[in-house]
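Listed below, chain by chain, are the residues.
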Amino acid sequence: MAFKNFIEKECLKYVLATLDTPTMYLRYLLNRQYCFVNDIEVATKTLKYKLANDLKHYYYSDTNDDTDLVIVPVKITYELVKETD
């Protein structure tokens, strides 16, 4: 069985990532709590670069942590999948 994909929507979002190996991604929880995750799917994503930059500054201000964080653009694609014979 084969599949044919149709792109329905693509959007650009931003995540904060560490420069370490393996790469870890920042996740904002609630009440100024943060954690690092290795799954980009559960990382906090923002719609604009400026919001990601603001989140980075909030992280540093709230935690006093000096982990190097970079803003990484991520393209998310939603596809419709049709089964073909």
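Within each chain, residues carry numbers counting from 1 in the order of the written sequence. Confidence filtering applies because this is a predicted model: local features only for residues at pLDDT of at least 70, side-chain atom pairs given and counted only at 80 or more, and all residues used for totals across whole chains, interfaces and linings. In computing side-chain properties, one takes all heavy atoms of the structure into account and sets aside hydrogens as well as water.

1. Some thoughts on unusual backbone geometry
1) Next: Here the bond from Thr-21 into Pro-22 is cis, since omega is 0°, no more than 30 degrees from zero.
2) Next: Examined against the element boundaries, Pro-22 turns out to sit in the loop between strand E1 (2-18) and strand E2 (25-28).
3) Next: In the Ramachandran plot, Asn-31 falls in the positive-phi region, its phi being about 50° despite a non-glycine side chain.
4) Next: To qualify as a helix, a DSSP run of H or I must reach at least 4 residues; to qualify as a strand, a run of E must reach at least 2; elements of each kind are numbered from the N terminus. Here Asn-31 shows up in the loop between E2 and strand E3 (34-37).
5) Next: Its identity as a non-glycine residue notwithstanding, Arg-32 has a phi of 60°, on the positive side.

2. Some thoughts on the pairing of E3
The two faces of a sheet get side chains in turn, since along a regular strand they alternate between them.
1) Next: Strands pair, by our definition, only if DSSP identifies at least two bridges between them. One ladder, built from four bridges, connects E2 with E3; its direction is antiparallel. From the neighbouring strand, Tyr-25 faces E3, where its bridge partner is Val-37.
2) Next: Between E2 and E3, which follow one another and run antiparallel, lie five residues, and Asn-31 among them has a positive phi close to 50°.

3. Quick word on the pattern of salt bridges
1) Next: Salt bridge, as used here, is a side-chain nitrogen of Lys or Arg placed within 4 Å of a carboxyl oxygen of Asp or Glu. With the rule as written, the count across this model stands at two salt bridges.
2) Next: Close ionic contact of Arg-32 with Asp-62 constitutes a salt bridge, the shortest N to O distance being 3.9 Å. Separated by 30 residues along the polypeptide, Arg-32 in the loop between E2 and E3 and Asp-62 in helix H1 (residues 49-63) bring together distant segments of the chain.
3) Next: Asp-54 serves as the salt-bridge partner of Lys-50, at 3.1 Å between the closest nitrogen and oxygen. Taken together, the residues span about one helical turn, with Lys-50 and Asp-54 both in helix H1 at a distance of four residues.

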